[in-house]
Every structure is written in structure tokens, then in C-alpha cells.
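# Architecture at a glance
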Amino acid sequence: MLGLTRKKILRGVALLSSRSLKPYNVYSSAILRGNNTFNYSMMNYSTESTKEAEIVTDSEVTKEEENHFTLENNEKASGQTKAHTFQAETRQILDIVANSLYTDREVFIRELISNASDAMEKVRYLFGSGDVNVFEPERPVEIRISTDEDKNTITFQDFGIGMNADELVANLGTIANSGSKKWVADMQQNTNASDNVDNIIGQFGVGFYSSLMVANKVEVYSRSAILLDDEPPKGYYWTTTGDGSYELSEAENCVRGTKIVIHLKDNAKEFSQVNTIESIIKKYSNFVGCPIYLNNDKVNTIDAIWARTSSEVTDAEHLNFYQYIANAYDTPPFRLHFQTDAPISINALFYFPERHLEKLGMGRLDAGVSLYSRKILIQSKSTAILPDWCRFVKGVVDCEDIPLNISRENMQDSALIARLKNVLTKRIIKFLNEQGKKNPDEYNRWFLEFGQFLKEGICTDFVNKNDIAKLLRYDSSLEQEDPDSPPSYSLDDYISRMPPQQKAIYFLSAPSRKFAMESPYFETFKDKGIEVMFLYQSIDDFVMKNLDTYQNRKLISIESTEASDHLHKEANADDSNTDKDNKDEAKTSEHDQ
């Protein structure tokens with residue numbers, strides 16, 4: 001086996017490009033495999049014969065070959081430069097976008113990565129459709145970012161669909177003109193449009209201008225991916241200082257795609273530091289659909305497994321993902337992975353941890369579920385999509401068509417969000433109830449650790465409290481097979497064992513089972529053979545008061561006078577039933593005689 005130099009790879013590409021190529025997949029590295037397949041980063045091609053192409057295995061790819069698309073600064077403007085001026089209204093909007101629209105300046109990185117991801121999805125579509133010839137097909141579908149502290153710059157480069165001169169004017173020279181949104185609309189007219197259309201992020205056409213929050217100059221080099229009449233497309237240079245005008249000219253040495261060079265302001269030097277950029281990428285854009293390289297090191301190493309079907313994700317992937325998003329080291333006993341189309345299309349992945357620190361006085365837990373839209377972070381640890389008592393749940397919710405404001409930092413349509421919150425909450429409650437029946441021992445151990453959150457839910461979530469009550473587990477006056485086992489009886493279990501004349505659920509609050517069994521209040525119930533639920537935590541009294549009834553049965557403390565009244569009524573009802581039964585038997589006996 002021989003390693004491939006860049007020239008050999010490109011020679012192989014040229015050889016294969018002269019034959020009939022058929023796109024068949026979208027994932028690999030810059031190598032040739034086997035006798036019939038040419039693979040390069042994120043784009044694979046097959047042909048019937050590639051005997052003239054050299055072959056190399058993954059282990060033989062050298063560092064030079066892995067980074068042969070490292071950012072180079074060979075581009076330069078050429079030819080005549082044309083100056084363009086934004087209209088007065090547009091200049092005002094530009095000022096708002098640059099200074100007032102976004103809460104945090106760091107989101108410009110999210111916006112530019114999202115734009116680059118959209119460009120990649122578009123070029124993937126071109127490869128898959130076969131409608132046009134693609135320029136420089138060997139280019140990897142990936143995002144390259146580089147920082148330079150000495151020059152105080154940060155550079156973004158994608159090898160996506162790129163832009164010609166007219167598209168640069170339309171997409172960058174016009175604010176609030178979303179090229180991605182228009183592209184999606186055009187593709188939806190095509191019955192052969194692929195799933196790549198659903199992965200497009202852009203909506204509003206303002207994300208690019210977020211760079212002006214931190215830049216005193218922005219330079220863009222772009223070259224279209226579309227070959228017209230087999231003529232290589234021209235490269236172009238676009239630049240602005242954010243003063244209301246921009247310049248456009250042709251450019252030399254441009255590769256397919258778009259390169260954006262941000263010249264940072266003096267008060268934004270932190271964005272030229274690699275550690276700062278890495279943390280922001282991982283915060284907002286870690287799960288975009290293509291690799292992101294920062295100064296040649298891959299940043300996004302965790303896959304967006306919530307976007308795949310549950311059967312496709314392994315236990316190891318789940319554990320790795322959970323420990324990443326939760327910043328934890330335990331193994332969650334339960335996980336819930338589901339998709340739904342109502343009230344809006346969502347993908348959700350929830351984990352139920354093994355332990356928590358709130359009980360140790362380490363402070364109140366933050367919300368554990370983050371909101372994404374098309375794999376881009378919208379709200380970290382969102383408090384809007386689950387009630388506060390669900391803060392122990394870790395995971396993600398991805399809503400493709402959730403209504404967002406123009407900065408994509410907050411959600412709109414509060415009524416729709418409320419319905420979304422209700423759907424997710426009920427799904428979690430249903431799932432835990434199912435686990436309590438399917439895996440009772442494991443659920444009871446989990447409840448011993450997290451039951452306080454469910455009890456809090458009964459006291460604060462009046463809409464769902466009756467459903468949450470199904471999840472409660474308590475000890476009982478029934479004899480225990482294992483005294484060390486956690487409380488295992490649900491309220492439904494108690495009701496299933498109630499005699500017909502009993503109309504109430506009786507409970508006793510006590511520090512422990514020993515104290516409960518020795519309570520003088522329990523003696524009467526013990527003598528009558530009436531089961532009593534034992535509650536060992538102080539919050540349980542509040543739970544019972546807030547719940548009040550369950551399945552049309554009153555919850556009554558045996559320490560209350562109400563318990564005595566109910567016992568008396570039930571005893572009278574029992575005596576009446578006994579007398580009635582005796583009379584019926586007597587009548588039956590007389591009739592037989």
C-alpha cells in the first residue's frame with residue numbers, strides 16, 4: 001500500500017471524473033478504498049473500475065493528507081472594484097443588527113457557522129440531484145475556522161455552494177434577504193427535493209451581519225459550486241466596514257465555497273483566541289451536520305444522536321452523549337427518545353440520571369434540557385419547555401419549525417410553547433409510569449433518589465398532579481419481605497387491595513417504619529386489618545394535602561379526627577351490608593323451603 005500525496009488524490013479525482021460517477025453516500029475521509037470506490041470527506045462516489053487509481057487505508061493517511069485542505073491565504077482581489085451603497089433604510093437596519101439585535105456578541109460565531117452549514121447542505125443536494133455539474137468535487141464538506149491573535153482576525157471557510165457576483169449582491173448586499181429561505185422555497189417546488197432541504201438553518205437573512213458586532217472590517221471571498229457550460233466559475237471579493245457601503249470585485253485563487261475574514265475590533269480581541277472560539281462552538285454549534293475544524297483540530301466530535309431513530313443509537317453512544325451534555329459521570333437508568341409531529345415537529349432525547357447533588361445541599365439544580373432548532377442551540381438549559389419540577393431531566397429538544405424571534409435567541413407564540421411544554425411533560429410522566437410497571441425494582445431505587453422532585457410536582461403543577469401521583473412510591477403496613485428494600489407501593493397498589501366498603505386511602509407520617517408500627521394511631525387500623533401507607537418525609541404531608549383525593553378516594557391521615565369519622569361510616573356501611581346479606585340469605589332459604 002502506498003500513501004497518497006495531494007497530487008495523487010487529485011489525479012485520482014480527475015481520472016474518476018472522466019468516467020460515469022454516481023453519488024451514493026455522504027460520509028468518509030480523504031482516501032481511496034477497495035477496487036471500486038472513491039471516498040473523500042463527507043462525499044463518496046462509485047465507479048465500475050478504478051484500476052488506475054492508487055489505494056490507501058485509513059491508517060496510512062499522513063498528517064499532510066488529513067490537512068490538505070488547511071486554510072490558505074492565497075486569495076486576492078483583482079480587476080475593477082465597484083462600490084455599492086446601502087439605501088438609507090437599509091443602513092439604519094444594519095446599525096440595529098450590529099448593535100441592538102443580539103443579546104451576546106458571541107452569537108456571531110453561531111450565525112456564521114449556521115450559514116456555512118447551509119452552504120454545505122445545498123452542495124450536498126446538488127451532488128445528490130445530479131441536475132448540475134459541481135465545480136471542484138474533491139473539496140471536503142466541512143467548515144474550517146482559524147484564529148490569528150497577532151493579526152486580530154478570525155476566518156471562516158466552507159466548501160459549500162458558494163456565490164457568484166449577483167448572489168453576493170443579493171445575499172450580502174441586501175439585509176433581511178434570506179438566500180437559504182428562498183432556496184428552500186425553490187427546492188420545495190421540486191418533487192425530487194431531498195431531505196437536505198429539512199437541514200437548512202437560515203430563515204431571516206440577518207445572521208451574516210452579526211459579525212459587525214465585533215468587526216471593523218469584513219472580507220468575503222466566494223466561488224460558486226455550479227459549473228455552467230463546463231466553464232470554471234469566477235471567484236469574487238466582497239468587503240464592508242459596516243459604514244453603509246460595500247465593495248465588490250473579482251478575485252483570484254478562490255476555491256469552491258465561501259471564506260469570511262473578520263478583522264476584529266480592539267474590544268473584541270478575545271474572539272481571536274482559540275480557547276474562546278472552541279468553547280463557543282461547543283456551546284452553540286457542536287451538532288451541525290458537518291465537521292468543524294478549528295486551527296486544524298476537529299471540534300465537534302459528538303453526533304446529534306437525537307436526530308437519528310432510537311434503534312440506530314447504541315448504548316455506548318447514549319452514555320457518551322449523556323455524559324457530555326450533562327457534564328456527568330453516572331449511567332442513567334432510563335432514557336426516553338421520541339419524535340412527534342404535534343403540536344409541532346420535535347425530536348426529544350431525555351435522560352433520567354442515577355443521582356443528583358441537590359439533596360446534599362449543593363444548591364438548586366438548573367434546568368437540564370436545552371432547546372435546539374435544526375441542531376443549533378437556541379436556549380441552553382431552557383426553563384420554557386419543561387416545568388421546574390422536571391429540572392432533574394437531562395437532554396435536548398430539537399424543534400425544526402419552532403417560532404423564533406429574528407435573533408434566534410427567544411421563542412415566540414407563547415400559546416404554542418405552552419402546548420409544547422404540556423406535550424413533553426405528559427410524555428415524561430407516561431414514560432416513568434411505564435418504567436414503574438416494566439422495571440419496578442430499578443424504578444423504586446430511582447424513586448428513592450428522585451422522588452422529592454415528583455412530590456414537588458404534585459405541590460406546584462396543578463394540571464398534572466393527578467398523573468404525577470401515579471409515580472409515587474410509599475411503604476405500607478403490609479409485612480415486608482426485605483426490610484432494606486426501598487418503598488415500593490403505589491397508590492394504585494393500595495387501592496387494588498382495599499375492601500369494597502373502604503372509601504378512603506389512609507396514611508401515617510412518621511420518621512421511620514419502626515415509629516409508624518408503634519404509633520398508637522395505627523393500633524386501631526391494625527386491629528381492623530386496614531392497610532395504612534407509611535410516609536417518611538416531611539414533604540409528604542404537603543403532597544397529601546395538595547393531592548387531597550386520588551381516583552375519587554379521599555386521602556386521610558390516621559392522626560386526624562376525619563379518620564375516625566370515616567372508620568365509623570365504613571363500619572356502619574359494613575354492618576348494613578352484612579344485615580342485607582343476612583336478610584337475602586334468609587329470603588332465599590324460605591323460598592327454597
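Refer to the structure printed above.
We now turn to the structure provided with this report. (Residues numbered from 1 in each chain as written. Predicted model: local features only at pLDDT ≥ 70, side-chain atom pairs only at ≥ 80, totals over all residues. Heavy atoms only, no water.)

So, on to the sheet that holds strand S24 (residues 549-550). Reading across the sheet, the five strands line up as S21-S23-S22-S25-S24 and stay open at both edges, with mixed pairing between neighbours. Two strands lie at the open edges of the sheet, namely strand S21 (475-476) and S24, each paired on one side alone. Relative to strand S25 (residues 553-557), S24 runs antiparallel, the two being bridged by two bridges. The residue of S25 that forms the bridge with Tyr550 is Arg553. (Pairing = 2+ DSSP bridges. Helix = DSSP H or I, 4+ residues; strand = E, 2+ residues; numbered from the N terminus.)

Let us look at the side chain of Thr425. Counting through the fold element by element, Thr425 comes out in helix H9 (residues 414-438). Separated by 2.7 Å, the side chain of Thr425 and the backbone oxygen of Lys421 make a polar contact. If sequence neighbours within four positions are ignored, Thr425 has contacts with Leu386, Pro387, Trp389, Asp461 and Asn464. (Polar contact = N/O pair within 3.5 Å; in protein donor to acceptor, adjacent residues only side chain to side chain. Contact = heavy atoms within 4.5 Å.)

The next thing to look at is the sheet that holds strand S18 (residues 369-373). In space, the five strands of this open sheet follow the order S16-S17-S20-S18-S19, with mixed pairing throughout. The open sheet has two free edges, formed respectively by strand S16 (334-340) and strand S19 (376-379), since each of these has just one partner strand. Here the strands of the sheet are splayed against their neighbours by 25 degrees on average, with no regard to which way each runs. Sheet topology note: the strand S17 (residues 346-352)/strand S20 (residues 394-399) ladder contains six bridges and is antiparallel. Directly across from Ala348, in S20, lies its bridge partner Val397. (Axes fitted to C-alpha atoms, helices over the stretch in contact; angles between N-to-C directions.)

Here we come to the packing of aromatic side chains. The relation between two aromatic rings is expressed through the spacing of the ring centres and the mutual angle of the planes. Counted by the stated rule, this structure contains 28 aromatic pairs. Geometrically, the ring pair formed by Phe287 and Phe321 is tilted, given 5.7 Å between the ring centres and 55 degrees between the ring planes. One end of the pair, Phe287, is in the loop between helix H7 (274-284) and strand S14 (292-294); the other, Phe321, is in helix H8 (residues 315-326), and 34 residues separate them in sequence. Classification of Phe287 as buried rests on a relative accessible area of 2%. Residue classification places Phe321 among the buried residues on the basis of a relative accessible area of 1%. On the numbers, 6.3 Å between centres and 80 degrees between planes, the contact of Phe352 with Trp446 is edge-to-face. Of this pair, Phe352 sits in strand S17 while Trp446 is found in helix H10 (residues 440-460), placing the two residues 94 residues apart along the sequence. Residue Phe352 shares its accessibility class with Trp446, and that shared class is buried. Chaining the aromatic ring pairs together yields one cluster made of Phe334, Phe352, Phe392, Phe431, Tyr443, Trp446, Phe447, Phe450 and Phe453. (Phe/Tyr/Trp six-rings, centres within 6.5 Å; stacked < 30°, edge-to-face > 60°. Buried < 20%, exposed > 50% of the residue type's maximum accessible area, 1.4 Å probe, protein only.)

Fair warning: the whole summary comes from geometry, so function is off the table for now.
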